[in-house]
Amino acid sequence: MRLKQIYNHKNTLSFRLTLWYAVIFTMTSLLALSIYYYRISQITMENTDDELIEEYREFAAIMVHEGTEGLMSEFDTEIIEEAEENLYFRLMSLDGEILKSSDMTDFKGVTVSAEALAALKNNEEYVIETLTIPGLEFDLQAIYGAITPTIIFNMGISLEDNYEYLSIFRNLIILLLIPLFFIAAFIGWFLARHALKGVAEVTQTAIEISKGSIDKRVEVKRRSHEIDTLANTFNSMLDRIQTLIKGMREMNDNVAHDLRSPLTRIRGIAEMTLVGKGSMEDYSEMAANTIEECDKLIEIINTMMDITETEAGVSPFKSEPLDIVELILSACDLFDPIAKEKDIQLLTVLPESLLISGDKSKMQRLITNLLENAIKYNKQGGTVTISVRKDNQLVNIQVEDTGVGIPEDELPQIFERFYRCDRSRSLAGIGLGLSLAKAIVKAFNGDIRVKSALDQGSSFHVTLPA
Ligand code: ADP
């Protein structure tokens, strides 16, 4: 990747994830290697101490087997020869007076440790010290050990080898970190790309949609829970937007088609009254007709808005506990005078009460629309029966009438906006009541069906989740 490309990518999530991964991975490796290094340095020092203790014990053993003389001769012959530039041996009295010593030219600054001698006097078997001697490049590790009550063995060893060994190790760690960072960045980049693949697909779909392909959807491929949730949420958001657009388009068509006629009528009434040079009564009649047509227009517009909003789910429904029986009974009270005018009997088959969770005003509109139709399209002296029952987790509401009925070929259309059956056009209505009823039922995840027999009556059956 060239520098310019990296610069362009630096604000992307995958770049940041890669960088985070690489940094965290490298830091963790550094921490692990540091712990390892610390442990190694401890072990190296412990080995040096063991070496010193072993030497001291060997001398103590010679003392036991060969006595002071054997010890002295051993020191003269072997030990002094054995001493090298990074090693010295000394024998001293309890007061620190040197009895015998290897060549100390390379260890000029080395003195006798008063603390060590004091500790030995206090019956310590041996004392190990780390000495930093001015003029010596490396520290020394020294042991003081009593081999007889009066003779002290002292041996010092330069830590040069240890430091060199550890510095090789340190350099190796630093060298390792560089390729480790790049390997981690590569793995991080791969993981980030893999994890964000779904996001990239959602983005791609969003780009295509913004260019006009509103029908496109993100494929749900069971990638990971988060991405699938994102894809599902995105798709359902698109569904809603599409429904809203569809609703708005339909509304446009409907406005053009169905609002034109009442407006034309209003204009006609006004024109005729003006041209006719009418009396005061004519003007009053014109005003009354205009108000009536305007009310109808307002009702059409309001109902269309309600349908579109309900279908698109833009205004959230309340989910409150409500007694459907109580709601039906008050609707019956409301329609009772109208039913009586047509000598229609309103019958109910209801339980004592039935609680459901829903939006009260929407439920009222659903029930009144069905009840109003059952009375309006009924015959003189007919009956309307409204019944409710609960089956498992479903609430069934049935509105049955003994009216004019609906021709079979028109049944599928009655839920469409502005559809009115031929034989009912003479009656008042705007053809939106059932569209709204269906939109409400759907919004509650329910279902509405109709059965009808011509001249015998119709039965509307609503099923809602309890
Ligand atoms: P509106 O009643 O205002 O015309 P609706 O959407 O409520 O509009 O009904 C659409 C059409 O379905 C009505 O015009 C009518 O022809 C028919 N319809 C609805 N309910 C009944 C019914 N109970 N009996 C007979 N026809 C009905």
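For clarity, every value in this text was computed on a predicted model and none was experimentally measured.

Let us now look at a nonpolar patch on the surface. Among the surface-exposed residues, Ile183, Phe186, Ile187, Trp189, Phe190 and Leu191 lie close enough to one another that they form a single nonpolar patch of about 590 Å² accessible area. Note that Trp189 resides in helix 4 (residues 160-195).

Another point: the pairing of strand 1 (residues 87-93). Within strand 1, 7 of the 7 residues are buried, which leaves it mostly tucked inside the rest of the structure. Taken together, the 7 bridges between strand 1 and strand 5 (residues 151-158) define a ladder with antiparallel strand orientation. Within the sheet, the bridge partner assigned to Met92 lies in strand 5 and is Ile152. By the bridge criterion, 3 bridges tie strand 1 to strand 2 (residues 98-101) in an arrangement that is antiparallel. Paired with Leu91 across the strands is Lys100, a residue of strand 2. Counting the residues that bridge the hairpin from strand 1 to strand 2 gives 4 residues, and of these Gly96 lies at a positive phi of roughly 95 degrees.

Position of Gln141 among the secondary structure elements: in strand 4 (residues 140-146). Polar contacts involving the side chain of Gln141 include one to the side chain of Asp49, which spans 2.8 Å. Separated by 2.5 Å, the side chains of Gln141 and Thr130 make a polar contact. Non-local contacts of Gln141, meaning those with residues more than four positions away in its chain, are made with Met45, Thr48, Asp49, Leu52, Ile128, Glu129, Thr130, Met155, Gly156, Ile157 and Leu159.

Moving on: the pattern of salt bridges. With the rule as written, the count across this model stands at 12 salt bridges. Between Arg57 and Glu125 there is a salt bridge; the shortest N-O distance is 3.4 Å. Residue Arg57 is located in helix 2 (residues 13-82), and its partner Glu125 is located in the loop between helix 3 (114-121) and strand 3 (126-131); the two are separated by 68 residues in the primary sequence. A relative accessible area of 43% means that Arg57 is categorised as partly exposed. According to the relative accessible area criterion, Glu125 is partly exposed, its value standing at 42%.

What follows covers the site of the ligand. Close to the ligand lie 20 residues; Asn373, Tyr377, Arg420, Ser424 and Leu434 are nearest. One of the side-chain nitrogen or oxygen atoms of Tyr377 is found 2.7 Å away from an oxygen atom of the ligand. Within the backbone of Ile430, one N or O atom sits 3.0 Å away from an oxygen atom of the ligand. A total of 520 Å² of accessible area belongs to the ligand in isolation, and the protein chains cover 97% of it. Elements represented by at least two residues in the shell around the ligand include exactly helix 10 (360-376), helix 11 (433-443) and strand 12 (457-465).

Right, let's talk about helix 7 (residues 260-275) for a bit. Counted at 1.5 Å a residue, the expected span for helix 7 with its 16 residues is 22 Å, and the 22 Å between its end C-alpha atoms agrees. Three or more residues of helix 7 are buried, namely Pro262, Ile266, Ile269 and Thr273. The buried residues of helix 7 occupy an angular sector of 60 degrees when the element is viewed end-on, so they sit on one face. Opposite its buried face, helix 7 presents the exposed residues Arg260, Arg267, Met272, Leu274 and Val275, each directed more than 90 degrees away.

Next up on the list: the sheet that holds strand 9 (residues 383-391). Strand pairing within a sheet occurs via backbone hydrogen bonds; the two strands may be parallel or antiparallel. Strand order in the open sheet formed by 5 strands is 7-9-10-12-11, with mixed pairing between adjacent strands. A single partner strand is all that each edge strand has here, and the edge strands are strand 7 (345-349) and strand 11 (447-453). Ignoring which end each strand starts from, the neighbouring axes of this sheet average 15 degrees apart. Where strand 7 meets strand 9, 5 bridges bridge the pair, whose relative direction is parallel. Along strand 9, the bridge assignment pairs Val349 with Ser387. Strands strand 7, strand 9 and strand 10 (394-401) of the sheet are contacted by helix 9 (residues 324-341), whose axis makes an angle of about 170 degrees with strand 7.

What follows concerns the nonpolar core. In terms of nonpolar packing, the biggest core is built from 53 residues, with Ile324, Met363, Leu371 and Ile397 touching the most fellow members. Listing elements by their share of this core, those giving two or more residues are helix 8 (280-312), helix 9, helix 10, strand 9, strand 10, helix 11, strand 11 and strand 12. Ranked by residue count, the leading element in this core is helix 9, at 8 residues. For Leu371, the residues in contact, after removing those within four places along its chain, are Ala331, Cys332, Phe335, Leu346, Val384, Ile386 and Val399. Ranked by size, the runner-up nonpolar core spans 19 residues in total, among them Phe75, Ile79, Phe89 and Ile143.

The rules behind the values
Residues numbered from 1 in each chain as written. Predicted model: local features only at pLDDT ≥ 70, side-chain atom pairs only at ≥ 80, totals over all residues. Heavy atoms only, no water. Patch = residues over 30% accessible without salt bridge, like charges linked within 9 Å, V, L, I, M, F, W, Y side chains within 5 Å. Areas by Shrake-Rupley, 256 points an atom, 1.4 Å probe, with all protein chains shown as cover. Salt bridge = Lys/Arg side-chain N within 4 Å of Asp/Glu carboxyl O. Helix = DSSP H or I, 4+ residues; strand = E, 2+ residues; numbered from the N terminus. Buried < 20%, exposed > 50% of the residue type's maximum accessible area, 1.4 Å probe, protein only. Pairing = 2+ DSSP bridges. Polar contact = N/O pair within 3.5 Å; in protein donor to acceptor, adjacent residues only side chain to side chain. Contact = heavy atoms within 4.5 Å. Near = heavy atom within 4 Å. Expected span 1.5 Å × (residues − 1). Arc of directions from axis to C-beta. Axes fitted to C-alpha atoms, helices over the stretch in contact; angles between N-to-C directions. Core = buried A, V, L, I, M, F, W, Y, C linked by side-chain atoms within 4.5 Å.

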